[in-house]
Amino acid sequence: MIQKISAPVSVETIYDHRKRTVTPRRIFWDGQIFRIAQVGLHHTFREGRTLFHIFSVTAQNLSFRLRLDTDSLFWTLEEISDGLTN
Amino acid sequence: MGLPIRPARLGGLDFNSAPSTVMHVDLNSCFATIEQQANPLLRGKPIAVTAYDSPNGCILAPSVQAKELGIKVGMRVKDGRLLCPGLIVLSSDPDKYRAVHLGLKKILSIYTPDLAPKSIDEFVLNFAGTPAFTRGLFTIGQEIKNRIKEKVGDYLTVSIGLGPNRFLAKTASNLHKPDGLDEINKDNFLRIYESLILTDLTGIARQNAIRLNSAGIYTVLDFFNADLRTLRAAFHSISDYYWFVRLRGWEVDDVDWGVKSFSHSYALPKFLTKPEELAPILTKLVEKLGFRMRREGFQAKGVHLGLLFRDHEFWHQGLRLDQPLFLSQDIYRVAYRLLSHSPYHLPVRNLAVSCFDLSGRDCLQLGLFEDKIKKESLVSAIDNINDRWGNFVITPAMMANTGNAIQDRISFGR
């Protein structure tokens, strides 16, 4: 089941200067800490000229869609899914 | 390129004996696989990407697992759920698919400069005269598969077809799905043709198959062996020649048709009957269409409107004008006039508008009765604001209350 959330969220990331990658490591949301096991896909899009990064990640048998607004550098949790039918 | 057509009495055109230089790359179950790539919890499960996730929504892409259960492209969500009660239905996410498209394009462009995206999930690469060709296309095909897994996504698989022309490369890519790598060439084409049915060929759907049947052609081998006169009896057009050449491995599809029209359509979630009810949706369609057309530097002398009604009746009409249009409001006026001309007053399920007879906007024909320069300055200012802040920051009042109707769909050209 997919649940639309659209709520601010805290995300810890790691920047690896040798691989030139940024990877989200932990999500702090709803009083819980979720350690990210896998980044399924990272993609970007623009709304007007504002660039957004989307990280689709999994943690603790849940899938999270995280959005980073590169204007404000704020993170938003857009949706959660448990991979089951809706 | 001169084609070696021999007189029919000598047996006609031979199969192209040149080595395969064309590669067709097709991302398997594109949208569904990308969703499974993004969300590993969906992998190995039957999922369907849809235009709308409502029961009447249309399935755009079933996953490989859903296809195995009989779910097909074009099926309604409710029918899909009847076949597979555990079907996971997802709304399409065009930005995600475009990002993967660009990722694939970046990898493929390393191998040859002659690269043509045919759709969001298909690419044609021509290796003729490139250094990569000397390494062998099977080696390169396998390398492309590995690189896609490494750089774009480990769950993504592509089917690759090789052939002496685009058509055979595409046909080869369909032979083993998913994750195939096949070639059709002078040595194996007869064996492969024998294993295919007419509708396996791209471009031969039910109607064309009926045409061919009427000319006594029932198999792909019959099709290959038919002479031009027999094919003419089936197609009654230049298509007979194209098929004759295509099936023999010669290139007729490497044609850039250019931009001929711009169009937008919308499947209405709630059927509407009166023109005034359809007007806000029509305004939004025209705004999107006008913005895209102006951004590409075009104006149009023709406007076309198509209506698909609830009972599957279809009505359409086009109008050619004296002067080219570029302003969305002007296009809307013509489209609304066409809408008012519809003789049917039935509930509309699909509304489509397009502009044709395009020309470049490099010169502006001034008019005696209106200030076209002022009009153009205004529209460019509005377009710049919408471009900076996102589409539809400034919109006509008519579009109020259309909300999220007509969301971004699966275009890949932007």
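Predicted, not measured: the structure shown is a model, and the values here were computed from it.

### Looking at the overall build of chain A
Then comes step 1: Across its full length, chain A holds zero helices and eight strands.
Then comes step 2: Scanning chain A from its N terminus toward the C terminus, one meets helices and strands in the order β-β-β-β-β-β-β-β.
Then comes step 3: In terms of overall dimensions, chain A is globule-like: its C-alpha atoms have a radius of gyration of 13 Å, near the 12 Å expected for 86 residues.
Then comes step 4: Structurally, chain A occupies a C-alpha span of about 35 × 30 × 25 Å along its principal axes.
Then comes step 5: Scored against the burial criterion, the 86 residues of chain A give a buried share of 24%.
Then comes step 6: Look at the contacts in chain A between residues 6 or more apart in sequence, and 32% of them connect residues 24 or more apart.

### Details of the nonpolar core
Residue and element names in this part refer to chain B.
Then comes step 1: In terms of nonpolar packing, the biggest core is built from 63 residues, with Met-23, Val-25, Ala-48 and Leu-125 touching the most fellow members.
Then comes step 2: Each of domain 1 (18-26 + 98-143 + 157-246) and domain 2 (28-96) contributes no fewer than three residues to this core.
Then comes step 3: Residues contacting Ala-48, with those up to four places away along its chain left out, are Ala-32, Ile-59, Pro-62, Ala-66, Ile-71, Gly-80, Leu-87 and Val-89.
Then comes step 4: Ranked by size, the runner-up nonpolar core spans 27 residues in total, among them Leu-278, Ala-300, Cys-355 and Leu-358.

### Considerations on the interface of chain B and chain A
Then comes step 1: In this assembly, 18 residues from chain B lie in contact with 17 residues from chain A.
Then comes step 2: Contributions of two or more residues to the side of chain B that touches chain A are made by helix H1 (30-38), strand E4 (88-91), helix H4 (94-108) and helix H14 (372-389) of chain B.
Then comes step 3: Class assignment of the residues belonging to the side of chain B that touches chain A gives a composition of nine nonpolar, five polar and four charged.

### A short note on the packing of helix H10 (residues 228-235) of chain B against helix H11 (residues 239-246) of chain B
Residues and elements named next belong to chain B.
Then comes step 1: Between H10 and H11, the least distance of the axes is 8 Å, while the angle of their chain directions is 130°. What the angle tells us is that H10 and H11 run oblique. The chirality of how H10 crosses H11 is right-handed. Every residue of H11 that contacts H10 at Leu-228, Leu-231, Arg-232, Ala-234 and Phe-235 is listed here: Ser-239, Asp-240, Tyr-241, Trp-243 and Phe-244.
Then comes step 2: Per-class residue counts for the contact of H10 with H11 are seven nonpolar, one polar and two charged.

### Here we look at the domain arrangement of chain B
Then comes step 1: Taken domain by domain, chain B holds domain 1 (18-26 + 98-143 + 157-246), domain 2 (28-96) and domain 3 (262-399).
Then comes step 2: A separation of 37 Å is found between the C-alpha centroids of domain 1 of chain B and domain 3 of chain B.

### Here we look at the pairing of strand E4 (residues 32-35) of chain A
Residues and elements named next belong to chain A.
Then comes step 1: Here strand E3 (residues 21-29) pairs with E4 via four bridges, running antiparallel. Paired with Arg-26 across the two strands is Arg-35, which belongs to E4.
Then comes step 2: Connecting E3 to the antiparallel partner E4 that follows it, the hairpin turn spans two residues, and Asp-30 within it adopts a positive phi of roughly 55°.

### Some words on the sheet that holds strand E9 (residues 262-272) of chain B
All names here are of chain B.
Then comes step 1: Strands sit in the order E9-E12-E10-E11 across an open sheet of four strands; the sheet is antiparallel. Here the strands that pair on one side only, and so sit at the sheet edges, are E9 and strand E11 (314-325). For this sheet, the mean inter-axis angle between neighbouring strands, taken without regard to orientation, is 15°.
Then comes step 2: Bridge count between E9 and strand E12 (residues 348-360): seven bridges; the pairing is antiparallel. The residue bridging Ser-263 from the neighbouring strand is Ser-354, located in E12.
Then comes step 3: On the sheet, helix H12 (residues 275-295) packs against E9, strand E10 (298-309) and E12 and is oriented at approximately 160° with respect to E9.

### Describing H4 of chain B
Then comes step 1: Between its first and last C-alpha, H4 of chain B extends 21 Å over 15 residues, near the 21 Å set by a 1.5 Å rise per residue.
Then comes step 2: Regarding H4 of chain B, the residues found buried are Lys-96, Tyr-97, Arg-98, Val-100, His-101, Leu-104 and Leu-108 of chain B.
Then comes step 3: Buried residues belonging to H4 of chain B abut strand E5 (38-47) of chain A together with strand E1 (22-27), H1, strand E5 (115-119), strand E6 (122-126) and helix H5 (137-151) of chain B.

### Notes on the confidence of the model for chain A
Then comes step 1: Taken as a whole, chain A shows an average pLDDT of 93; of its residues, 98% reach a score of 70 or greater.
Then comes step 2: Within chain A, strand E1 (residues 2-8) of chain A has the poorest average pLDDT of any element, 91, and strand E7 (residues 62-69) of chain A the best, 96.

### Points about the sheet that holds E1 of chain B
Residues and elements named next belong to chain B.
Then comes step 1: On the basis of which strands lie adjacent, the open sheet formed by five strands has the order E5-E6-E1-E7-E8 and mixed pairing. Edge positions in the open sheet fall to E5 and strand E8 (181-183), since each of these has one partner strand only. Neighbouring strand axes in the sheet, compared pairwise and without regard to direction, differ in orientation by 20° on average.
Then comes step 2: Of the pairings in the sheet, the one linking E5 to E6 comprises four bridges and is antiparallel in character. Bridge pairing in E6 places Ala-116 opposite Val-124.
Then comes step 3: The strands that helix H6 (residues 166-173) touches are E1, E6, strand E7 (158-163) and E8; relative to E7, the one it contacts most, it runs at about 140°.

The rules we used
- Residues numbered from 1 in each chain as written.
- Chains lettered and ligands numbered in written order.
- Predicted model: local features only at pLDDT ≥ 70, side-chain atom pairs only at ≥ 80, totals over all residues.
- Helix = DSSP H or I, 4+ residues; strand = E, 2+ residues; numbered from the N terminus.
- Rg over C-alpha atoms; globule rule 2.2 N^0.38 Å.
- Buried ≥ 20, exposed ≤ 12 C-beta atoms within 10 Å, placed from the backbone.
- Contact = placed C-beta atoms within 7 Å.
- Core = buried A, V, L, I, M, F, W, Y, C linked by C-beta atoms within 7 Å.
- Domains from an automatic or database assignment.
- Nonpolar A, V, L, I, M, F, W, Y, C, P; charged D, E, K, R; others polar.
- Axes fitted to C-alpha atoms, helices over the stretch in contact; angles between N-to-C directions.
- Parallel < 35°, antiparallel > 145°, perpendicular 65-115°, else oblique.
- Left-handed = near helix turned anticlockwise from the far one by under 90°.
- Pairing = 2+ DSSP bridges.
- Expected span 1.5 Å × (residues − 1).
- pLDDT = per-residue confidence, 0-100.

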